[in-house]
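Topology and contacts: notes
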Amino acid sequence: MRCVLLIVGFFFMETGAVSSQSLFRLTPFERAVICTMYFESWHDERHYPYVGYGHRLLPGETYSARTLTREQGEALLRKDLLKYCAMFRQYGKDSLLLATLAYNVGPYKLLGSKSIPKSKLIKKIESGDRNIYREYIAFCHLNGKRHAMLLKRRKTELLLLYEP
């Protein structure tokens, strides 16, 4: 809950909002954008090939971290989240939550590929079981070790985006 209050504070800084309830009055997609912006923070040229709020440059894209504005970075984030939402559309009300996770870990960690098996999270949702807390929180490891900030991020995403 403390992390949600930090995001609310970030939301106030970015938008000039005046009510502490403003974040929860937004659509789930807008909450996902603000949550991602908060946890990704701004990526400059030191973070190549990532720019803006964590957008990974694709072959042929020519965005420069030096000239990219915050508005352009937010537009890239929205475009990426919409792309991932479409990718996970078949999962209904979990599509936004999965899209937000995929933005951070990549869609193939969830959906699988020839060399990567489908995640336990996706298998559980496909079976109709929506008790996904443990499977979702399991995506908080970095280099094989549990990462405290990723754990906070996962818990905050669940709190803001999970629809029972």
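Please read these numbers as outputs of a predicted model, since none were measured by experiment. (Residues numbered from 1 in each chain as written. Predicted model: local features only at pLDDT ≥ 70, side-chain atom pairs only at ≥ 80, totals over all residues. Heavy atoms only, no water.)

Here we take up the layout of surface pockets. The computed volume of the largest pocket comes to approximately 460 Å³. Lining the largest pocket are 18 residues; nearest its centre among them are Y50, G54, R56, Y84 and Y103. Elements with a minimum of two residues in the lining of the largest pocket: β2 (55-56), α4 (70-87), α5 (95-105) and α6 (107-111). Split by residue class, the lining of the largest pocket holds nine nonpolar, five polar and four charged. The space that makes up the second largest pocket amounts to roughly 370 Å³. Lining the second largest pocket are 13 residues; nearest its centre among them are N104, V105, H141, L142 and L150. Secondary structure elements with two or more residues in the lining of the second largest pocket: α5, β3 (141-142) and α9 (148-161). Counting residues per element, the lining of the second largest pocket draws most heavily on α9, which supplies four residues. (1 Å grid on protein atoms, 1.4 Å probe; cavity = no way out; pocket = protein on both sides within 12 Å on 5 of 7 lines; lining within 4 Å. Points joined across faces, edges and corners; volume = space filled by probe spheres on them. Helix = DSSP H or I, 4+ residues; strand = E, 2+ residues; numbered from the N terminus. Nonpolar A, V, L, I, M, F, W, Y, C, P; charged D, E, K, R; others polar.)

The element α5 is largely enclosed, with a buried count of nine among its 11 residues. Of all the residues in α5, the buried ones are S95, L96, L97, L98, A99, T100, L101, A102 and Y103. The first or second residue beyond α5 is G106, which carries a positive phi of 100°. (Buried < 20%, exposed > 50% of the residue type's maximum accessible area, 1.4 Å probe, protein only.)

Attention now moves to the packing of aromatic side chains. The tally for this structure, following the rule as stated, stands at four aromatic pairs. Ring geometry for Y38 versus F39: centroids 4.9 Å apart, planes at 85°, classification edge-to-face. Judged by its relative accessible area of 13%, F39 falls in the buried class. Taking the centre distance of 6.5 Å and the plane angle of 75° together, the rings of Y84 and Y103 count as edge-to-face. You can see Y84 sitting in helix α4 and its partner Y103 sitting in helix α5, a full 19 residues away along the chain. As far as the burial class goes, Y84 and Y103 line up, both buried. The residue whose ring lies beneath K83 is Y84, and the NZ or CZ to ring-centre distance is 5.2 Å. (Phe/Tyr/Trp six-rings, centres within 6.5 Å; stacked < 30°, edge-to-face > 60°. Lys NZ or Arg CZ within 6 Å of the ring centre and 35° of its normal.)

Another point: unusual backbone geometry. Put simply, Y48 and P49 share a cis peptide bond, and its omega is 10°. With respect to the helices and strands, P49 occurs in the loop between α3 (28-40) and β1 (50-51). Within the chain, S41 stands out as a residue other than glycine whose phi angle is a positive 60°. Tracing the sequence through the fold places S41 in the loop between α3 and β1. Judged by relative accessible area, which is 39%, S41 ranks as partly exposed. For N143, which is not glycine, the phi dihedral falls at a positive 55°.

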